[in-house]
Structures are given as C-alpha cells and as structure tokens.
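Residue-level structure breakdown
One letter stands for each residue in the lines below.
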Amino acid sequence: MGNDRAWGPLSSSECDFTGEELAAFREFGEASLRGERPCIEAHLARYPHLAAKLRPLCEAAEWFDAEVREFRLRCPDFSIWELFGASPRTG
Amino acid sequence: MRTEELEKLSDEDLVRGLESGCDAAEFEERFRILVSRLQPKLVNAARRFTRTYDEAVEAASRVWEKFLAGFKRYDPDRCSVWTWLYAITRYDCFNANRKRAHECECAARFAARDERTDRRTALHAALGRYLERMPAHLRQPLVLHRLEGRSFEEVGAVLGISARQAEYRQAAALAWLRRFAPALREEIRFQTG
C-alpha cells in the first residue's frame, strides 16, 4: 500500500500543469477513455518539450482506463459507486 | 391364483386383477411378473431418452412407482399395458431432462454470480481502497470524467468549479494515482487471477 509519505499531497512539481501540458494530455486522455489505446511514445514524440510532464499522466491514464475497462467487461452489471459506497459528489 | 396360472395371463389381465382388489400376496406376485416381463423393455425405452444406462434404470424405477400410484386409472380397452408404460416413460424422462437442464442452468448462473462477486470484491479491496484515500477534490473529477464519461464542462458544473479547474484536478488525480500504480496493478492481478 506504500508508506505514509506516498499518501501525502502532491508536490508542486507533480501537479503544476500549464495550459499547454493539459491540452497536450487531453488528446491522449480522451483517446484512452474512448478505448483507442493510443501509443504513449508516439504521443510524447509530438510534444518532446513536454514529455517529462506528460509521461506520468499518460501512463496513469492508460493503466487506469485499462483496469476499469477490463473490470467492466468481467462485471457488466458493476456500478462504479460500489467502489466508494457513496457518490463522489458528497466527497 | 397360483404363480403358474398367473404366468399364463396377459399383461392386461394381470393389471385387471390388480384393479379388482386381489389379496396382498397375489398383488405382489402379479406385480413381480409384470416387472420381470416388462423391465428390460422399459429400460431400453428409457435409454432412448436418457444419457446413461444408470439414468435409464432410475427412470424405469420411477415409472414403476407411477404405475403403482395410478394403475387404477389404466383402461385395458384403450391401450396395452406396454403402451401405457411407454407413455409414462417418455413423459417422465422428458420432465427429468428438463429439470436437470434447469438445475445446470441455475448452477452455472450461481457460479457466474459468485465469480462476479469475487472480482467486484477484489476491485473494491484494491482500487476502491486507493480511490477512497485520494483527496476528495481530486477524486471527484477523476470519477466523473474517467468513469462516468462526463465532459469537463459537466464536471465543472456538478462541482461548482470551472471546466479548466476540473481538467486540472483530473490530471492531478492521475498523477497522484500513478504513485501507486505498480503496487495496485500487482494487487488487482493477484486477487482476480
């Protein structure tokens, strides 16, 4: 589960995204969300100057979407709210 | 009547005697003769409707039970004893096969449900545990966008923040989650097999 430090808040270097970085990630993130499984390296090659910031986001999105997609295939009647026990809107 | 005399009677006459209310010993003897005559044919007939020889023998036993329960309804003028027994056999095997198919279907359904429950529990134990510990302001946009498929404009409207802020928080949530991705990946694989 990782140590206590790992559960702590993100450092500024981890979450200080510029508008350009977000826009560059958006293309990858939305394609991954649609199940297109885009290639991380090919995407980073288009934005070499942003690669350091984009890579962790692309890897996390690819992994997270793949896990959820696989689970939905296995459990079609699965409700995502069961992960939380409550709506995320209530925190 | 003596056994030798009973042996000479036709199947129909043996059943007529059962219906007419003979004593217990004669009843038993008449039934024994009927069984000895018709059991091989009955098992062969049941074999057509069953998968194994043992199932056919079981079916024949059930047919004889039904015969004993309902021989008073048998009308020798309408059909032979064998025709009547064959009809009982056919319906009995049909019902048994239908019941067996239903039981198999139910068992498969229960097994599938158990598997789904296991996998759901596994994901809840793994992914859910991480998401629960994620700061709420990051988790909300992540779930609404990546799991519910809402646009950042919709996420922003739900949470009362701008679309840009929603997008920013979703990216930060992924960055937060990435710290645990290797451990979580192993955990889910381990639990779901």
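What you see is a predicted model; the values in this text were computed from it and never measured.

1. Describing the overall build of chain B
If you tally the helices and strands in chain B, you get 9 helices and 0 strands. Reading chain B from its N end, one meets helices and strands in the order α-α-α-α-α-α-α-α-α. Looking at chain B as a whole, 26% of its 193 residues qualify as buried. Across chain B, the fraction of contacts at a sequence separation of at least 24, relative to all contacts at a separation of at least 6, is 62%.

2. Thoughts on the overall build of chain A
Of the regular secondary structure elements, chain A holds 5 helices and 0 strands. Going from N to C terminus, chain A has its helices and strands arranged as α-α-α-α-α. Looking at chain A as a whole, 19% of its 91 residues are labelled buried. Excluding contacts between residues fewer than 6 apart, the proportion of contacts in chain A whose partners are at least 24 apart in sequence is 51%.

3. Some thoughts on the environment of A59 of chain B
Residues and elements named next belong to chain B. Its place among the elements puts A59 in helix α4 (residues 53-70). The sequence separation of A59 and D92 amounts to 33 residues, and the corresponding C-alpha distance is 7.1 Å. Leaving out residues up to four positions away in the same chain, A59 has contacts with A46, T50, T89, D92, C93 and A96.

4. Comments concerning α4 of chain B
Residues and elements named next belong to chain B. The terminal C-alpha atoms of α4, which comprises 18 residues, lie 26 Å apart, in line with the 26 Å expected from a rise of 1.5 Å per residue. By the burial criterion, the buried members of α4 are A56, A59, A60, V63 and F67. What you see down the axis of α4 is that its buried residues fit within an arc of 105 degrees, all on one side. Counted as exposed and oriented over 90 degrees from the buried face of α4: D54, E65, L68 and A69.

5. Some details on the packing of helix α7 (residues 152-159) of chain B against helix α8 (residues 163-178) of chain B
All names here are of chain B. Viewed as axis vectors pointing N to C, α7 and α8 meet at an angle of 100 degrees, and their least axial separation amounts to 8 Å. Taken together, the axis directions place α7 and α8 in an arrangement best described as roughly perpendicular. Note on element contacts: α8 touches α7 through A163, Q165, A166 and E167, opposite F152, E153, V155, G156 and L159. Taken together, the residues that form the contact of α7 with α8 break down as 5 nonpolar, 2 polar and 2 charged.

6. With respect to the confidence of the model for chain B
Scored by pLDDT, chain B comes out at a mean of 83, with 84% of its residues at no less than 70. Taken together, the chains of this predicted complex give a pTM of 0.50 and an interface ipTM of 0.77.

7. Quick notes on the confidence of the model for chain A
Residue and element names in this part refer to chain A. Per-residue confidence for chain A gives a mean pLDDT of 76, with 67% of residues at or over 70. Mean pLDDT across the secondary structure elements of chain A bottoms out at helix α1 (residues 4-7), with 51, and peaks at helix α4 (residues 40-46), with 92. For residues 1-5, every residue scores under 50 in pLDDT, and the model assigns this stretch 5 contacts once sequence neighbours within four places are set aside. Taken as a whole, residues 84-91 scores under 50 in pLDDT and shows 11 contacts with residues more than four places along the chain or in a different chain.

8. Points about the nonpolar core
Judged by nonpolar contacts, the single largest core of 28 residues is most densely connected at L57 of chain A together with A171, L174 and L177 of chain B. Secondary structure elements with two or more residues in this core: α3 (19-33) and α5 (51-74) of chain A together with α5 (81-133), α6 (136-147), α7 and α8 of chain B. Here the element with the most residues in this core is α8 of chain B; it accounts for 9 residues. Aside from chain neighbours lying at most four places away, what touches L177 of chain B is A60 and F64 of chain A together with Y130 and M134 of chain B. Residues L34, V63, V81 and W84 of chain B belong to the second largest nonpolar core, which totals 15 residues.

9. Focus on α8 of chain B
Taking 1.5 Å of rise per residue, the 16 residues of α8 of chain B would be expected to cover 22 Å, and the 23 Å separating its terminal C-alpha atoms lies within 8% of that figure. Across the 16 residues that make up α8 of chain B, a large majority, 13, are buried.

Cut-off values and rules
- Residue indices follow the written sequence of each chain, beginning from 1 at its first position.
- In the order they appear in the text, chains get letters beginning with A and ligands get numbers beginning with 1.
- Totals for whole chains, interfaces and linings use all residues, but because this is a predicted model, local features are given only for residues with pLDDT of at least 70 and pairs of side-chain atoms are given and counted only at 80 or more.
- Only DSSP runs of H or I reaching four residues or more are called helices, and only runs of E reaching two or more are called strands; each is numbered from the N terminus.
- Remark: C-beta atoms are placed from the backbone, and a residue is labelled buried if 20 or more other C-beta atoms sit within 10 Å of its own, exposed if 12 or fewer do, or partly exposed between those counts.
- Placing C-beta atoms from the backbone, we regard two residues as in contact once those atoms come within 7 Å.
- Given the number of residues in a helix, its expected span is that number minus one, multiplied by 1.5 Å.
- What the arc measures is the spread of directions leading from the helix axis to the C-beta atoms.
- Lines fitted to the C-alpha atoms define the axes, with helices restricted to the stretch that makes contact. Angles between their N-to-C directions range from 0 to 180 degrees.
- Each angle gets one of four labels, with under 35 degrees taken as roughly parallel, over 145 as roughly antiparallel, 65 to 115 as roughly perpendicular, and the rest as oblique.
- When residue character is reported, Ala, Val, Leu, Ile, Met, Phe, Trp, Tyr, Cys and Pro are called nonpolar, Asp, Glu, Lys and Arg charged, and the others, Gly included, polar.
- On a range of 0 to 100, pLDDT expresses the predictor's confidence in each residue.
- By definition, a nonpolar core groups buried Ala, Val, Leu, Ile, Met, Phe, Trp, Tyr and Cys residues that are joined through C-beta atoms within 7 Å.

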